[in-house]
Each structure stands twice: as structure tokens, then as C-alpha cells.
Amino acid sequence: MLILLKSYCPSAQNYLTTLRFPLLKNPEDLSEGQASALGAPRRSGTALWRGYLLKEELRAVFRGDPADARASLDRWLSWACRCRIPQFVELSRKVRRKREGVLRSIELGVSNARVEAVNNKIKVAVKQGYGFRNIDNLIALVMLRCSDLRPALPGRAAA
């Protein structure tokens, strides 16, 4: 969405800066000021507004009823491939290639959020472990961070 902001209206950078967060937020989480700021792109009907609508429609596919997911995704794919916004046309091609996997993830309600959370914990532990003389200490730190183990520490009461 940010690439779309910069590519379609580079001269109005200040104006777009005020629209950045309202465009990225969920519509139900917008403040009154942010919702009114979206009025200008809505009235003008530019590619920026079409991109926002496409983003929200794809969000609705994932949040909607799994039984309707196939029809909703097909509608979104046909709209996205005809929208004349290069980023969304490319995204629609990628989603079309992975369509069955996307539909299965919607039906099962699974995501890669937990894997991403563990990856983030590992990255933070590696940054904290910078300068460790022994790689075993770093591995122990990662294992401690990513597990539910709570070892008793010397000099502290067990919780």
C-alpha cells in the first residue's frame, strides 16, 4: 500500500503522509479524524482509493465465512487482475498460483503467526547473545527463550 502511495502521487507527499495510517488501519479502528481524512481519496476515486478497497476486500475474504471463501476469493481475484494497479495485478497472480493453499488456510483457520513469533524471539536472543564466547551459550539462550522452561535461578526463591 505504501508503494502505491508514492507511485501514484509523488507531488503530494505531505497529503499522503497524513493518509498513511488511516489507509493501513482497519476501518473499524479509525478515529473520526482519520475517517474524515479518507473522504478526499474516496470522492476522487483514484488508484489510491481502489487499492484501499482491494485491501479491505481481501481482508474480508480472510475474515469471512469459510463456506463463502471460494466465491469471495474468486471475486477478489477477478477484480484485482482488472484493476490496472501493477502491485495488485502481481499479487493476484501470486494468489491465483497458491489459490488452493489459501483456501485451505481459510477453511482450517491456520496461519504462520506462531512461526513468525518464534523467529522474532530467536532474532532478539541472537542480538542479545552477540559477543558470547561460546555458541553453546547462545543456543542455550535461544532454547530458554523459546521454551516454557522456568529453571530455578541461584539466590532466588522458586516461583
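See the structure printed just above.
Residues numbered from 1 in each chain as written. Predicted model: local features only at pLDDT ≥ 70, side-chain atom pairs only at ≥ 80, totals over all residues. Heavy atoms only, no water.

This next bit is on the environment of Gln34. Mapping Gln34 onto the fold places it in helix α3 (residues 32–37). Sequence separation between Gln34 and Leu19 is 15 residues, and the spatial gap between their C-alpha atoms is 7.8 Å. Aside from chain neighbours lying at most four places away, what touches Gln34 is Pro22, Lys25 and Asp29. (Helix = DSSP H or I, 4+ residues; strand = E, 2+ residues; numbered from the N terminus. Contact = heavy atoms within 4.5 Å.)

A word on the pattern of salt bridges. Counted by the stated rule, this structure contains seven salt bridges. Taking the shortest distance from any N to any O, the salt bridge between Arg70 and Glu100 comes out at 3.5 Å. A residue pair is termed long-range when its members are at least 10 positions apart, and Arg70 in helix α6 (residues 69–81) and Glu100 in helix α8 (residues 99–108) qualify at 30 residues. For Lys94, the salt bridge identified is with Glu90, shortest N-O distance 3.3 Å. Taken together, the positions of Lys94 and Glu90, both in helix α7 (residues 86–97) and four residues apart, correspond to about one turn of that helix. We classify Lys94 as partly exposed; its relative accessible area is 41%. Here Glu90 falls in the partly exposed class, since its relative accessible area comes to 43%. Within this structure, Glu28, Lys55, Glu56 and Arg59 form a network of salt bridges that share partners. (Salt bridge = Lys/Arg side-chain N within 4 Å of Asp/Glu carboxyl O. Buried < 20%, exposed > 50% of the residue type's maximum accessible area, 1.4 Å probe, protein only.)

Here the focus is helix α10 (residues 135–146). Given a rise of 1.5 Å per residue, twelve residues ought to cover 16 Å, and the 17 Å separating the end C-alpha atoms of α10 matches this to within 8%. Regarding α10, the residues found buried are Leu138, Leu141 and Val142. Along the long axis of α10, the arc covered by the buried residues comes to 95°, so they all point the same way. Against the buried residues of α10 lie α9 (113–128). Regarding α10, its N-cap is Asn134, as a side-chain oxygen of that residue lies 2.9 Å from the backbone nitrogen of Asp136 further along. (Expected span 1.5 Å × (residues − 1). Arc of directions from axis to C-beta. Polar contact = N/O pair within 3.5 Å; in protein donor to acceptor, adjacent residues only side chain to side chain.)

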